[in-house]
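# Remarks on the overall topology
This is what each chain is made of:
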Amino acid sequence: MKKPAEPEQSRREFVREGARLAAIAGLGALVGGVATKAAAANTVWQIDPFKCTWCGKCATACVLQPSAVKCVQMYPMCGYCKLCTGYFEPEPNKLNTAAENQVCPTGAIKRKAMEDPYYEYTIDEPLCIGCAKCVKGCTLFGNGSFYLQIRHDRCVNCNQCSIAEVCPAQAISRIPSDKPYLMKDRDHQGPQGGTP
Ligand code: SF4
Ligand code: SF4
Ligand code: SF4
């Protein structure tokens, strides 16, 4: 008897789970970094991704240049869309990787074909300047899996964060240093309910 085909949904979940585990491994290293660097501080500055309005000031107001703020990809929320509104300009000439089709000014988002019709989008962090253009595109028209976080392997934990001073959404506040990231997950669900 012919073996039934593997359901499309289960293949997709497999791809997503692999990316999720990769993301968690990366964050583990970052949390380790903050534990040693900010041991003296009980709190660190962080962005609430559900309050951020993508104004762009995170790229320019940080005392560091490039900014300590970077884009994060929350893989379990990503739709792995062929037409990613965080990656492509609103009216791209073609759905390819040509620079003029990309919303990111520095080419920091990498697009890789997965199993048809899915594409994986990863952030090349050294290139990211925290401008939030991709976050806006993904949040307004996509699943909202791109968002900004202050990376504590870079942030010097200023007494007063200069981005927090100018943030129009009051999205930046101090949080406990033993949980230094506000992930869109079960620990931090937004008004829409957080993770799928
Ligand atoms: S300054 Fe505030 S609203 Fe603007 S991008 Fe940064 S966190 Fe978001
Ligand atoms: S669009 Fe801006 S925030 Fe997004 S990856 Fe590129 S530089 Fe980073
Ligand atoms: S605390 Fe200082 S280094 Fe960290 S994000 Fe704010 S301005 Fe940048």
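This text goes with the structure placed above it.
Throughout what follows, the structure given in this document is the object of discussion. Computed from a predicted structure; not experimentally measured.

In the vicinity of ligand 1, the residues found are Ile47, Cys52, Thr53, Trp54, Cys55, Gly56, Lys57, Cys58, Leu148, Ile163 and Cys167. When its residues are assigned to classes, the shell around ligand 1 shows 8 nonpolar, 2 polar and 1 charged.

Among soluble globular proteins, nonpolar side chains are generally buried collectively. The biggest cluster of nonpolar side chains holds 40 residues, and the ones touching the most others in it are Ile47, Phe146, Leu148 and Ile172. Of all the elements in the fold, those that place two or more residues in this core are strand E1 (43-47), strand E2 (69-73), strand E4 (119-123), helix H2 (133-141), strand E5 (146-150) and helix H3 (162-166). Among the elements that make up this core, the one with the highest residue count is E5 (4 residues). When sequence neighbours within four positions are dropped, the list of residues in contact with Leu148 reads Ile47, Cys52, Cys58, Val69, Lys70, Cys71, Gly130, Ala132 and Val135.

The environment of ligand 2 is formed by Cys71, Cys104, Pro105, Thr106, Ala108, Ile109, Cys128, Ile129, Gly130, Cys131, Ala132 and Cys134. Residues belonging to the shell around ligand 2 are distributed by class as follows: 10 nonpolar, 2 polar and no charged.

What follows covers the pattern of salt bridges. It is possible for side chains bearing opposite charge to pair when their charged atoms get close. Tallied over the entire structure, the rule returns 1 salt bridge. Close ionic contact of Arg151 with Glu125 constitutes a salt bridge, the shortest N to O distance being 2.5 Å. On the criterion of sequence distance, the pair formed by Arg151 in the loop between E5 and H3 and Glu125 in the loop between E4 and H2 is long-range, its members being 26 residues apart.

Here the focus is H2. Listed in full, the buried residues belonging to H2 are Cys134, Val135, Gly137 and Cys138. One side of H2 carries all its buried residues, which in axial view fall inside an arc of 165°.

Residue placement: Tyr147 occurs in strand E5. Overall, Tyr147 belongs to the buried group, its relative accessible area being 1%. Here the alpha-carbon distance between Tyr147 and Pro49, two residues 98 residues apart in the chain, equals 6.1 Å. Leave out the neighbours within four places in its chain, and Tyr147 touches Pro49, Lys70, Cys71, Val72, Met74, Val135, Leu182, Met183 and Lys184.

What counts as what
Once a new chain begins, its residue numbering starts again from 1 and follows that chain's sequence as written. Key to labels: chains lettered from A, ligands numbered from 1, both in the order written. Per-residue local features of the predicted model are confined to residues with pLDDT of at least 70, and side-chain atom pairs are confined, for both listing and counting, to 80 or more; whole-chain, interface and lining totals are unaffected and use all residues. Only hydrogens and water are removed before side-chain values are computed, so all heavy atoms of the structure are retained for them. Being near a molecule or strand, for a residue, comes down to having at least one heavy atom within 4 Å of it. Only Asp, Glu, Lys and Arg are considered charged, only Ala, Val, Leu, Ile, Met, Phe, Trp, Tyr, Cys and Pro nonpolar, and every remaining residue, Gly among them, polar. Nonpolar cores were defined as sets of buried Ala, Val, Leu, Ile, Met, Phe, Trp, Tyr and Cys residues, with membership established by side-chain atoms within 4.5 Å. Here the term buried applies to any residue with accessible area under 20% of the maximum for its type, exposed to any over 50%, and partly exposed to those in between, with areas from a 1.4 Å probe on protein chains only. In DSSP terms, a helix is any run of H or I states spanning at least four residues, a strand is any run of E spanning at least two, and both are numbered starting from the N terminus. Here, residues are in contact when the closest pair of their heavy atoms is within 4.5 Å. The working definition used for a salt bridge is a side-chain nitrogen of Lys or Arg within 4 Å of a carboxyl oxygen of Asp or Glu. The directions considered for the arc are those from the helix axis to the C-beta atoms.

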